[in-house]
Amino acid sequence: MKLFTSAFGNNATEFAGETWRRSERRQWWLSSTAIAVSLILTSGIVSILLPSMIPQLEPSSYAFDTDIAAHALVGIILLFDVYVVFQQVQLSRFRKQLAEREEQFRLISENAADMIAVVDTNGQRLYNSPSYEKLLGYTQEELGKTSAFDQIHEDDRKAVVDAAGEARRTGMGRTVEYRIRHKDGRWLTLESTASVVRNRDGEVKKLVIVNRNITERKQLEEQLHRSQKLEAIGRLSGGVAHDFNNLLGLIIGYSEALQERIPPDDQFREAVDEIQNAGKRAAALTQQLLAFSRKQVLEPRILNLNTIILDVEKMLRRLVGEDIQIDLVLAPDTGTVKADRSQIEQVILNLVVNARDAMPDGGKLIIETGKWTLDRSTVLRHPYVIPGPYAMLKVTDTGCGMDAELQSHIFEPFFTTKEKGKGTGLGLATAYGVIKQSGGYIWVDSEVGKGTTFRIYLPEANGFNEPVPEAKPAAKVAPERRTILVVEDERSLRKLTRKTLGDAGHKVFEAGDAAEALEISRKTTDTIDLLLTDVIMPGMSGKKLADVLVVERPGIGVLYMSGYTDGQIATQGILEQGTTILRKPFTRDELMRQVENALSVMVR
């Protein structure tokens, strides 16, 4: 914001100067008139008193009519009285105008959110508005003893000096951003503009500087930039998941087929085993990327954080070793949350691993829970926060800590400070995605040499802990041959799936899309027991295909398969209670188990 010349324009400045000159001329006119009247009155009095003051004065040389002189003197006195009244009225008006202007200036200077300063050409402060003390903590006396550049960050000082010099040379101010030190030592970011004040000769004598505190705005911009960057990476990871999972499915499936045909002592068996292991590791990385992008598959249940921590306590103590002390501070009133238990366990594990790595020489690790309310004060610092009651999980270590630059990157996937081969850089990225997808927030506070604290807030959920269902073995279908219609737009994966089911003794029809599947179904008089279809395909989706076939072939079973994320599957309307989805990439055993479960429902 530019003061005077920028906000109001040159006309406003000229008008203010003309008003002041007009008031000044009026004051000179009143003073001059008062002097003239005083001289006339003095002359009259002297004329009357002159004979009595000089007795030797000859009457012939000083002819004077006393009556006329007395009347004239009375008239002058009355005129002077009228003038005095007129002068007082004018002075009263003038003082009132000055008082109004002073009041306006006081209101502006005392209530303006921006900091207004007037400095000379050497940078010495001539005036500082009261907002300086409100925003920076310095008193007027403390500011008066320092230069305008003393509190500015040394890295930004040159830019401010250059901007002030440019304003003096050109008479035009430009906006400059810089950091200034608060009295308590923290740094604030200001946006500043300087305007020049010239004398009658046109020389620059003063600078009027307007400073605006934009610290919060800069923080929000950084948060937005970081969020946009993370969202972009998330969209990228989610977008490639489908095709990548199809490829991994082929790698895992055909490596399993080779394992069945190559004996353990064969020279190529080790290569096949490594191919399959690599495929499974790649599948795990895909799931971590989907977790970061908040699009992985979750099974949310009502959970208690205290219960989870106590269940994994022994594993955590083994994980960190004996040289790190673990203290649990679990508040009994910690509320329940709705989240995926395995994912929350993974978050705790990732945070503990990072804490352990930050304390190579040992230290102390505190895991704390509690009930917390994110209120308006939190929203002011983090506008994206939804106020309300939350369950808090805090993990604090006494390790090496992190600087601000490092903290700005820790949640990015594949970012790691560990040496090569010691980590994938997905631990904190996964934690970030899980917490965000669960509707919570994760924040970090750290300082180099003073340790790190991670705070997690998950929305409270009303309810009691839900027990984890026991895994049931797959139901066995009758040994008779079944007919399965496989619909998959990826030709290689469709071929592998058909072969796997065919080797298990099933009769398999295959189609590349929904239209071809409907054509096969309508031309076939045989019973089709199960539809195994991809969810998202060109043209008609798997959900719409299933809806048509269920009507045309009552009693047909449906099993979906997909490599897309839950968010994309939900748009097809199939994430309903009881819906079964075979997640890509899948192994031969996973495929057969899901198919057997789906067919068991069809046993009549």
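Before any of the text, the structure's been laid out above.
Residues numbered from 1 in each chain as written. Predicted model: local features only at pLDDT ≥ 70, side-chain atom pairs only at ≥ 80, totals over all residues. Heavy atoms only, no water.

Caption draft 1: Focus on the environment of V312. With respect to the helices, strands and loops of the structure, V312 is situated in helix 8 (residues 305–320). Of the residues examined, V312 reaches a relative accessible area of 8% and is grouped as buried. Residues V312 and E345 lie 33 residues apart in sequence; the distance between their C-alpha atoms is 7.7 Å. (Helix = DSSP H or I, 4+ residues; strand = E, 2+ residues; numbered from the N terminus. Buried < 20%, exposed > 50% of the residue type's maximum accessible area, 1.4 Å probe, protein only.)

Caption draft 2: Quick look at the pattern of salt bridges. Under the criterion given, the structure shown has 28 salt bridges. Ionic pairing is found between E177 and R217, a salt bridge with its closest N-O pair at 3.8 Å. Of this pair, E177 sits in strand 3 (residues 176–181) while R217 is found in helix 6 (residues 215–261), placing the two residues 40 residues apart along the sequence. In this structure E177 comes out as partly exposed when scored by relative accessible area, which is 36%. (Salt bridge = Lys/Arg side-chain N within 4 Å of Asp/Glu carboxyl O.)

Caption draft 3: Representation of unusual backbone geometry in the model. Cis rather than trans, the peptide bond between K584 and P585 has omega equal to -5 degrees. As for its position among the elements, P585 is in the loop between strand 17 (581–583) and helix 17 (588–600).

Caption draft 4: Region of interest: the packing of helix 9 (residues 341–357) against helix 12 (residues 427–437). Direction vectors running N to C along helix 9 and helix 12 enclose 145 degrees, while the axes themselves pass 9 Å from each other. Between helix 9 and helix 12 lies a crossing of left-handed hand. Between helix 9 and helix 12, the contacting residues are Q343, I344, V347, N350, L351 and N354 on the first element and G427, L428, T430, A431, V434 and I435 on the second. (Axes fitted to C-alpha atoms, helices over the stretch in contact; angles between N-to-C directions. Left-handed = near helix turned anticlockwise from the far one by under 90°. Contact = heavy atoms within 4.5 Å.)

Caption draft 5: Spatial organisation of the sheet that holds strand 11 (residues 441–446). Pairing in this open sheet of 5 strands is mixed, and the strands run 7-9-10-12-11 from one edge to the other. One side of each edge strand has no neighbouring strand; the edge strands of this open sheet are strand 7 (324–330) and strand 11. Shown here is a sheet whose adjacent strand axes are inclined to one another by a mean of 15 degrees, direction ignored. Strand direction decides the pairing type here: strand 10 (residues 388–397) and strand 12 (residues 452–459), joined by 8 bridges, are antiparallel. The partner of A391 across the bridge, within strand 12, is L458. Against the sheet, helix 8 touches strand 7, strand 9 (363–374), strand 10 and strand 12, its axis set at about 175 degrees to strand 7. Against the sheet, helix 12 engages strand 11 and strand 12, with an angle of about 140 degrees to strand 11. (Pairing = 2+ DSSP bridges.)

Caption draft 6: Representation of the side chain of S521 within the structure. Along the chain, S521 falls in helix 14 (residues 514–523). Since its relative accessible area comes to 4%, S521 is described here as buried. With residues up to four places along the chain from it excluded, the contact list for S521 reads I528, L549 and R553.

Caption draft 7: Broad picture of the environment of L458. Mapped onto the elements of the fold, L458 is located in strand 12. Measuring from C-alpha to C-alpha, the distance between L458 and K436 comes to 9.0 Å, with 22 residues separating the pair along the chain. Once residues within four sequence positions are removed from consideration, L458 is found in contact with L305, V337, I344, Y390, A391, I435, S438 and G440.

Caption draft 8: Representation of the packing of aromatic side chains within the structure. One pass over the structure, following the stated rule, counts 4 aromatic pairs. Taking the centre distance of 5.9 Å and the plane angle of 50 degrees together, the rings of Y390 and Y441 count as tilted. On the criterion of sequence distance, the pair formed by Y390 in strand 10 and Y441 in strand 11 is long-range, its members being 51 residues apart. Residue Y441 is classed as buried on the basis of its relative accessible area, which comes to 6%. Here the aromatic rings of W443 and Y457 are separated by 5.4 Å at their centres, their planes lie at 55 degrees, and the arrangement is tilted. In this pair, W443 is assigned in strand 11 and Y457 in strand 12, connecting sequence segments 14 residues apart. We classify W443 as buried; its relative accessible area is 17%. On the basis of relative accessibility, which here comes to 5%, the residue Y457 falls in the buried class. Three or more aromatic residues link up through ring pairs in this structure, and these residues are W372, Y390, Y441, W443 and Y457. (Phe/Tyr/Trp six-rings, centres within 6.5 Å; stacked < 30°, edge-to-face > 60°.)

Caption draft 9: How the structure looks around the sheet that holds strand 13 (residues 483–487). Here we have 5 strands laid out as an open sheet, ordered 14-13-15-16-17, and parallel in their pairing. With one partner strand each, in any of the chains shown, strand 14 (507–511) and strand 17 form the two edges of the open sheet. In this sheet, adjacent strand axes meet at a mean angle of 20 degrees when their direction is disregarded. The sheet contact formed by strand 16 (residues 557–562) and strand 17 spans 3 bridges and is parallel. Each bridged residue has a counterpart across the sheet, and for S562 the counterpart in strand 17 is R583.

Caption draft 10: The nonpolar core, seen in detail. Counting 36 residues, the largest nonpolar core has I344, I348, L365, F454 and I456 as the members making the most contacts within it. Sequence-distant contacts of I348, that is, excluding residues within four places in its chain, are made with I308, I309, L316 and L393. By size, the runner-up hydrophobic cluster in this structure holds 18 residues, among which are L485, L518, V535 and I556. (Core = buried A, V, L, I, M, F, W, Y, C linked by side-chain atoms within 4.5 Å.)

Caption draft 11: Structural context of the pairing of strand 15 (residues 530–534). Taken across its 5 residues, strand 15 has 5 buried, putting it largely inside the fold. Burial along strand 15 is two-sided: the face carrying L530, L532 and D534 and the face carrying L531 and T533 are both buried. The pairing of strand 13 with strand 15 spans 4 bridges and is parallel. Counted as the bridge partner of V486 is L532 from strand 15. Looking at chain direction, strand 15 and strand 16 are connected through 5 bridges and run parallel.

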